[in-house]
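# Structural overview for review
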Protein chains: 2
Amino acid sequence: MAKELKELTKRAENYSQWFNDLVVKADMAEQSAVRGCMVIKPYGYAIWEKMQQQLDKMFKETGAQNAYFPLLIPKSFLSKEAEHVEGFAKECAVVTHYRLRAKEDKSGVEVDPAAKLEEELIVRPTSETIIWNTYKNWIHSWRDLPLMCNQWCNVMRWEMRTRPFLRTSEFLWQEGHTAHATREEAEEEAQKMLKVYAKFAEEWMAVPVIQGVKSETERFAGALDTYTIEAMMQDGKALQSGTSHFLGQNFAKAFEVTYLNKDNKPEYVWATSWGVSTRLIGALIMTHSDDNGLVLPPRLAPIQVVIVPISKGDDLQHITERLTPVIEALRKAGITVKYDDADNKRPGFKFADYELKGVPVRLVMGARDLENGTIEVMRRDTLEKETRPIEGIVEYVEQLLEDIQKNIFEKAKAYRDARIYECENYEEFKEKVKDGGFFLCHWDGTAETEAKIKEETQATIRCVPFGVEQTPGVDMVSGKPSKARVIIARSY
Amino acid sequence: MAKELKELTKRAENYSQWFNDLVVKADMAEQSAVRGCMVIKPYGYAIWEKMQQQLDKMFKETGAQNAYFPLLIPKSFLSKEAEHVEGFAKECAVVTHYRLRAKEDKSGVEVDPAAKLEEELIVRPTSETIIWNTYKNWIHSWRDLPLMCNQWCNVMRWEMRTRPFLRTSEFLWQEGHTAHATREEAEEEAQKMLKVYAKFAEEWMAVPVIQGVKSETERFAGALDTYTIEAMMQDGKALQSGTSHFLGQNFAKAFEVTYLNKDNKPEYVWATSWGVSTRLIGALIMTHSDDNGLVLPPRLAPIQVVIVPISKGDDLQHITERLTPVIEALRKAGITVKYDDADNKRPGFKFADYELKGVPVRLVMGARDLENGTIEVMRRDTLEKETRPIEGIVEYVEQLLEDIQKNIFEKAKAYRDARIYECENYEEFKEKVKDGGFFLCHWDGTAETEAKIKEETQATIRCVPFGVEQTPGVDMVSGKPSKARVIIARSY
């Protein structure tokens, strides 16, 4: 491991390779035998479980309930919403048969041509169509509204270039689908869920995000508005980390979902959908981690504190005895503790491994510490070590975990804020954007200008940010008048 | 709803129809637009979430960790274990293409023939093959063992005749896959997980189960032994509710998974797998529910206590004021409470609805109760009502929930035990098995006898039960000697 650790590419050398290395070496995930699909390993999955747990709680607090809808969607459903099919039909896994049979030469199995489906089924790339086809039967009157369901599931989009967590053919996510009586209510819901995502990203992942609304080009296929949270990675690129869509009445019309209003008149229902995925784990890794390995926010770390005794025989036994009440007290305080007294690995190996894995706090106790009534504390975010009295260590560690959570957020925010530039000159932009960063630029609102920027710089309009004071100006590319600044950046 | 409730088929009339009706009317699940796939509605899904939460805790206590493996399995993987492919290749959804395109006449989308996969992918019917192909890279030495992963996911088996929860083409489940250094350890693990399932079924679902081992014919495809828990439904049929498989070295050999033992010599790894699915919800419904609707065990009920005030205006306000501390105290005790003061539904309607939904305890308070300091308590399992002082009601309800949990288990156990018959005579068996029940019969151990029984009576050998004193005897069909009695029954 110590050797392997050395082989972790440095961020400055090759950021992209550093990420790929880290995902594998820290036991987060690995490529599977299926093109573009990853195996999420136990350590990576434990982070996803913690994310799920908190998000699920936050969703339920808004009144959403969980449900489950079919994995396979009839092909004809996809065509019902014109823009939706454009956006998703291109890249999907198609089930055409329902049986295999043994080959005649018994060398294996082959598709049984007699078992061809009348209508092909699509592995869901997202579930708007099957859910709205179901909602049709659930919604009759204004009393049935709002209807707010969420599902935790797997989805599949046939991606040509994949990277673990960031872009995989199959990924895990949650998708919320809500139905409302009025346009205002649906718009409010879409914005409310964006705020839930932003709160989760900042308070739990310690990832600062910019909230905003997408340009028409970048909208979800079938939406009237797509709200987004955009995070900045350490290479200055943007990572879209969660989206919430105001779908208008598009899906209600496509699937004929109406309700009787209080005047007993039929009206089409208003819709939203919102989702975050295992991509969040990619955001987490890329925002905080360093050349020594992962740096995890304490609130989502599978192991929050690791304790390593350095001693053998009787000394080890005495150290363990001294630490037992400490471990119990930490666990009682709700902290996940691992006590690593395994004797088949050297302390140096353990230290490197827990650094690689991003365990926020490491406590070490040797024979001399025991004698002195002290313990060594290391925090993963700054790698600072100090020796402290064992008395009061539980309270100290509790506070330290909070400090780390706060510190890595502040650090990421300072890093990002130093890389947000107002820019008025397209030539300057073209040069500067190569080094990453978020560019606050005036935009004339046309798809032509947007396309030109993308073609010439690979950068895209990430969003019209909320909470930024907007004044009219001039588009840096076309010279035409602009009402507002947008954030332009290269992205994942 | 009151009207709809009346339409619930009586169990005595048509047990099967009663189940189908109940699933839909109690908002548990419904058929989807995709053949054989159901939509699990929020109320049904809430039960699944409670099951998951408890099972997940129990799995983790055994040392298992969660992970996630790909949905799609390369066709060639299925062929690697000879029996496995026999058992699963017949009934599977096959992905052959990865893109759709617009039809020329723009009337919809069609499969793009240019996007044909080189090797077809199978929607997982179970994940032994892809997981063992992954374990190959995770297991090198005895230090890497045991390896115990579980995944919560969807799987797909192309069933011709489906019923909600009991047999659906897609279903949700968990599958544990463990790797061990020795045969003994793997066998022990398989049996340990069976006990976990039995404990969960009995203590959480309040469903008594018989633990045992399957006959060779009924084994999982690729296993050396399949352990099972078998529950009896109210029609006397068996429902296989969970299985745990000792897989020997079959998958290790098929995927070349070896480890270096302490003498540094390569050996094949020993394996188990174990799973339970949304079928458990079917077992839950069919074991306890009655002609008025669901009866849910308090430990898994999404709502444990419903409180309905019967009054309007000022009285309602006073009742709500009086009940607020009660509700708070119940919630503080960890009880899920719904306070239903909605004024758009009559109390009678509410009562029928909560009975249908199986809420274990109903509290009702009217103006006179408020005056008298009393509250009406109804328990769903017996439908008994009593009026009690409001003082001490929290402790009373806590105890009542425990009593209900215990009572429905005892009731189900008594029902089952009264329908377990020792039977020595095949003619008598043939007649009696039509009315359901578990038959403890001697069996000569041959597949021929087993097939004959199945053909002539539709009954199958459910298991060789554990914990039954076995004495040698004579097979009731063949007259040949038998070492042990098996349980024979018709089943779902």
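Residues numbered from 1 in each chain as written. Chains lettered and ligands numbered in written order. Predicted model: local features only at pLDDT ≥ 70, side-chain atom pairs only at ≥ 80, totals over all residues. Heavy atoms only, no water.

## Things to note about the interface of chain B and chain A
- Contacts between the two partners involve 62 residues from chain B and, on the opposite side, 62 residues from chain A.
- Counting the surface lost from both chain B and chain A, the interface buries some 4900 Å², and carbon and sulfur atoms represent 67% of this.
- Counting every contact that joins chain B to chain A gives two salt bridges.
- Taken together, the connections running from chain B to chain A amount to 26 residue pairs in polar contact (both at pLDDT 80 or more).
- Of the residues belonging to the side of chain B that touches chain A, the class tally is 37 nonpolar, eleven polar and 14 charged.
- In this structure, strand β5 (residues 94-97) of chain A lies alongside strand β5 (residues 94-97) of chain B, joined through three bridges in antiparallel fashion. Among the inter-strand pairings, A:V94 is bridged to a residue of β5(B), identified as B:H97. (Contact = heavy atoms within 4.5 Å. Buried area = accessible area lost by both parts, 1.4 Å probe. Salt bridge = Lys/Arg side-chain N within 4 Å of Asp/Glu carboxyl O. Polar contact = N/O pair within 3.5 Å; in protein donor to acceptor, adjacent residues only side chain to side chain. Nonpolar A, V, L, I, M, F, W, Y, C, P; charged D, E, K, R; others polar. Pairing = 2+ DSSP bridges. Helix = DSSP H or I, 4+ residues; strand = E, 2+ residues; numbered from the N terminus.)

## Points about empty space enclosed by the protein
Residue and element names in this part refer to chain A.
- Taken as a whole, this structure holds three cavities of 30 Å³ or more when the rule is applied.
- Considered as a void within the structure, the largest cavity measures approximately 40 Å³ in volume.
- At the level of elements, β2 (38-40) and β10 (170-180) are the ones that each hand at least two residues to the lining of the largest cavity.
- Here the lining of the largest cavity is composed, by residue class, of six nonpolar, no polar and one charged. (1 Å grid on protein atoms, 1.4 Å probe; cavity = no way out; pocket = protein on both sides within 12 Å on 5 of 7 lines; lining within 4 Å. Points joined across faces, edges and corners; volume = space filled by probe spheres on them.)

## Structural notes on the pattern of salt bridges
- This structure, assessed with the given rule, holds 68 salt bridges over all chains.
- B:R322 is paired through a salt bridge with B:E391; the nearest N and O atoms lie 3.8 Å apart. Taken together, the residues B:R322 in helix α10 (residues 313-332) and B:E391 in the loop between β21 (385-389) and α13 (393-417) connect sequence positions 69 residues apart.
- On the basis of relative accessible area, B:R322 is assigned to the partly exposed category, the value being 28%.
- The class of B:E391 is exposed, set by a relative accessible area of 62%.
- Beyond isolated ion pairs, a larger network of salt bridges with shared partners links A:D27, A:E30, A:K41, A:D353 and A:K357. (Buried < 20%, exposed > 50% of the residue type's maximum accessible area, 1.4 Å probe, protein only.)

## A closer look at the relation of the copies chain B and chain A
- Here chain B sits on chain A after a turn of 180° about the axis and a move of 0.0 Å along it, with an RMSD of 0.0 Å. What the superposition gives is, in effect, a two-fold axis relating one chain to the other. When each C-alpha of chain B is compared by its distance to the rotation axis, B:V95 comes out closest, at 2.1 Å. (Least-squares fit on C-alpha atoms with pLDDT ≥ 70 in both.)

## Describing helix α11 (residues 347-356) of chain B
All names here are of chain B.
- For α11, the buried fraction is high: eight of the ten residues fall into the buried class.
- Inspection of α11 places F349, K350, F351, A352, D353, Y354, E355 and L356 among the buried residues, and these make up the whole buried set.
- Remark: G358 follows α11 within two positions and exhibits a positive phi of approximately 75°.

## A closer look at the domain arrangement of chain A
Residue and element names in this part refer to chain A.
- Domain parsing of chain A yields domain 1 (15-83 + 124-288), domain 2 (305-401) and domain 3 (420-490).
- If you average the C-alpha positions of domain 1 and of domain 2, the two centres end up 39 Å apart.
- Of the roughly 380 Å² buried where domain 1 meets domain 2, counting both sides, 58% is carbon and sulfur surface.
- Among the residues of domain 1 in contact with domain 2, K25, A26 and Y43 are the three that bury the most area, contributing 68% of the side total.
- Inspection of the domain 1/domain 2 interface yields one salt bridge.
- We note a salt bridge from D27 to K357, for which the minimum N-O separation is 3.8 Å.
- At the boundary of domain 1 and domain 2, one finds one residue pair in polar contact (both at pLDDT 80 or more).
- Put simply, the parts of the chain that give the side of domain 1 that touches domain 2 at least two residues each are α2 (15-25) and α3 (42-61). (Domains from an automatic or database assignment.)

## Side note on the packing of α10(B) against α13(B)
All names here are of chain B.
- One way to put it is that α10 packs onto α13 with a least axis distance of 10 Å and a crossing angle of 40°. In terms of their interaxial angle, α10 and α13 are classed as oblique. Note that α10 runs across α13; the crossing there is right-handed. On the side of α10, the interface is formed by V326, A329 and L330, while α13 contributes I393, V394 and V397.
- By residue class, the composition of the contact of α10 with α13 is six nonpolar, no polar and no charged. (Axes fitted to C-alpha atoms, helices over the stretch in contact; angles between N-to-C directions. Parallel < 35°, antiparallel > 145°, perpendicular 65-115°, else oblique. Left-handed = near helix turned anticlockwise from the far one by under 90°.)

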